[in-house]
Structure formats: C-alpha cells, structure tokens
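Breakdown of the fold
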Amino acid sequence: LYTNDNRIGKKLLRVYDSEMKRELNIETFYNTMKTLNLILSNVIENPDQPKFQRVSSTSRLLKTSVLDAHGGTRYLVLSGFKKREEDGKIFWVADVDTSEKLQDMTLARDLLADKMLAIEQQKTLEQEKSKIERVQHEQRAKIAMRQYQEDRETWHQNREKTPVTDSIATPFRDREESTSVPPNFPMFDGPPGELDEGSDEEGSNEEGVGQV
C-alpha cells in the first residue's frame, strides 16, 4: 500500500524512514507519531466539523511534538495540512475537500498506526525479556544461597563429628594464641629514635672506645 503505485504512500514512507527515524530518543519519536496520529484521526473521524480541521501554530503540543521534531512538519504537509494566516494568526488547516485527499490522509494515519504498533510490540517484548531475566537472576540467587547454607551446615556437622586429640589440638591452640595477640609495637618504650639501656648501639660505642 505504501510502496507500490501510491505516490503519497511512497513519500510518507520516505519521510518516516529518512527523517523521522533520525530521532534517537524513542519516547520523543513515539510522541511525534502519536500527536500526528491524533491530529489526523480527528479530521478523518469528523470530516464535517471545522474545529477539528485546523490547529493553531501556538499549540504547545503541535510545536514540541510535530513542528520541532525530525520530519514532523513535512509529514503533516504530505498528510494534507497547509499553513494559513487568519486574522493575523497562523494555523495549520486540513485540506480534505475531496475524497481523494481524505483517502491520502487516512493512508498517512494508517502508516503511523502500523509503525506505532510495531514499536509497542517491541517494547512489550523487551519488558517481558527483562522480567524473565530478573526472575531467572532471583532464582539463581536463591539457589546459590540455599547451597551456601547447606554447605555451611554440612561443614559444622562434620566438625562436630570429628574427634580432636591433644596432638592435633595443641599446635592449633598455640597458633590461635600467637595470632590472637597483636604484635608488641612499638618495640621500645621511649620516643622514636631512642634506645633502651643495654642496646646493641651502646655496645658498639664501647667497642669503638676500647679500640682507640
């Protein structure tokens, strides 16, 4: 429908692929399509009501989501809207005075609907995948914790069943006593740099005097 012999369909698809998809932020990109879809649907579903066939250029939603977006203005024009000045104000007015033009607008709306549906489906798949991965991670964590608890309980049970003789216990007690007491630092009672009486340095001085 968009690529065979339909001229408008080809142009709409080209704008979508080469301009609108340049938007890197998926939320901004989606909001552009959503706003365009809303504007076109209002006209298509209410072709005899003028209030739905024009939008003020001062509309914040139109400006941020369509006019300032990649390809938004061009898509709006190809869909059948024209820029007009009325009483000193700028409006975007739908040109659907023939059934052919209304059909082209319907085609533009349907293209957006198809693309939006594809994005929503992709988003749903990603959410489901993320949920599955989160559940699997939680399950692995529970299994690991249960295995740890079982191993720890087994270790305690084996330790209680294993008899300990004095020949084995003595070295462990000696090691526990030696490691339970921190090293005796500093080694000297005086300030850093001072030595106790009877130290090696004092002895070395006496040897030097005797040699002289």
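In this report, the structure presented in the accompanying data block is examined. (Residues numbered from 1 in each chain as written. Predicted model: local features only at pLDDT ≥ 70, side-chain atom pairs only at ≥ 80, totals over all residues. Heavy atoms only, no water.)

**Some thoughts on the nonpolar core**
The condition that has to hold: Within this scheme, the nonpolar core is defined by two criteria: the residues are buried Ala, Val, Leu, Ile, Met, Phe, Trp, Tyr or Cys, and they are joined through side-chain atoms within 4.5 Å. Exposure categories follow from relative accessible area, calculated using a 1.4 Å probe and restricted to protein chains: below 20% of the type maximum is buried, above 50% is exposed, and the middle band is partly exposed. Helix numbering and strand numbering both begin at the N terminus, where a helix is a DSSP run of H or I of at least 4 residues and a strand a DSSP run of E of at least 2. The contact criterion used throughout is that any non-hydrogen atoms of two residues lie within 4.5 Å.
Counting residues in each nonpolar core, the largest one holds 30 residues, and the members touching the most others are Met-20, Met-33, Leu-40, Tyr-75, Leu-76, Phe-81 and Met-105. At the level of elements, helix H1 (7-18), helix H2 (26-45), helix H3 (60-67), helix H4 (72-79), strand E3 (89-94) and helix H5 (99-161) are the ones that each hand at least two residues to this core. Broken down by element, this core gets its largest block of residues, eight residues, from H2. Setting aside residues up to four positions removed in sequence, Leu-40 forms contacts with Tyr-75, Ser-79, Phe-81, Met-105, Ala-108, Arg-109 and Leu-112.

**So, the environment of Glu-85**
In this fold, Glu-85 is placed in strand E2 (residues 81-86). In this structure, the C-alpha to C-alpha distance between Glu-85 and Ser-57, residues 28 residues apart in sequence, is 10.0 Å.

**Looking at the packing of H2 against H3**
Going by this rule: Every axis in this analysis is a line fitted to C-alpha atoms, fitted for helices over the stretch in contact. Angles between the N-to-C directions lie between 0 and 180 degrees. Roughly parallel means an angle under 35 degrees; roughly antiparallel, over 145; roughly perpendicular, 65 to 115; everything else is oblique. Crossing handedness is read from the near helix: turned anticlockwise from the far helix by less than a right angle, it gives a left-handed crossing, and turned clockwise, a right-handed one. Under the scheme applied here, ten amino acids are nonpolar (Ala, Val, Leu, Ile, Met, Phe, Trp, Tyr, Cys and Pro), four are charged (Asp, Glu, Lys and Arg), and all others, including Gly, are polar.
Axis separation between H2 and H3 bottoms out at 8 Å; the angle between their running directions is 125°. Our classification of the angle between H2 and H3 gives oblique. Handedness of the H2/H3 crossing: left-handed. Residues Asn-31, Thr-32, Thr-35, Leu-36 and Ile-39 of H2 form the contact with H3, whose own contacting residues are Leu-61, Leu-62, Ser-65 and Val-66. Considering only residue class, the contact of H2 with H3 consists of five nonpolar, four polar and no charged.

**Here we look at H3**
Residues spaced three or four apart along an α-helix point in a common direction, a consequence of the helix completing one turn every 3.6 residues. In plain terms, the rule: To be clear, the arc concerns the directions from the helix axis to the C-beta atoms.
Looking at H3, one finds that the buried residues are Leu-62, Ser-65 and Val-66. Down the axis of H3, the smallest arc covering the buried residues is 100°, so these residues share one side. Where H3 is buried, its residues contact H2, strand E1 (54-56), H4 and E3.

**A few points about the pattern of salt bridges**
Any two side chains of opposite charge can pair, given that their charged atoms come close. So the rule is basically this: Salt bridge, as applied in this entry: a Lys or Arg side-chain nitrogen positioned within 4 Å of an Asp or Glu carboxyl oxygen.
Tallied over the entire structure, the rule returns eight salt bridges. Glu-19 is the partner of Arg-74 in a salt bridge, and the nearest nitrogen-oxygen pair spans 3.6 Å. Highlighted residues: Arg-74 in helix H4 and Glu-19 in the loop between H1 and H2, separated in sequence by 55 residues. Where Lys-123 meets Glu-27, a salt bridge forms, and the shortest distance between an N and an O atom there is 3.6 Å. In this pair, Lys-123 is assigned in helix H5 and Glu-27 in helix H2, connecting sequence segments 96 residues apart. For Glu-27, a relative accessible area of 42% translates into the label partly exposed.

**What about the pairing of E2?**
Which entries qualify depends on this criterion: Here a strand pair is declared whenever DSSP counts at least two bridges between the two strands.
Pairing of E2 with E3 involves six bridges; the strand directions are antiparallel. In the strand pairing of E3, Arg-84 is matched with Phe-91. Here E2 folds back onto E3 in antiparallel fashion, the turn holding two residues, of which Asp-87 has a positive phi close to 55°.

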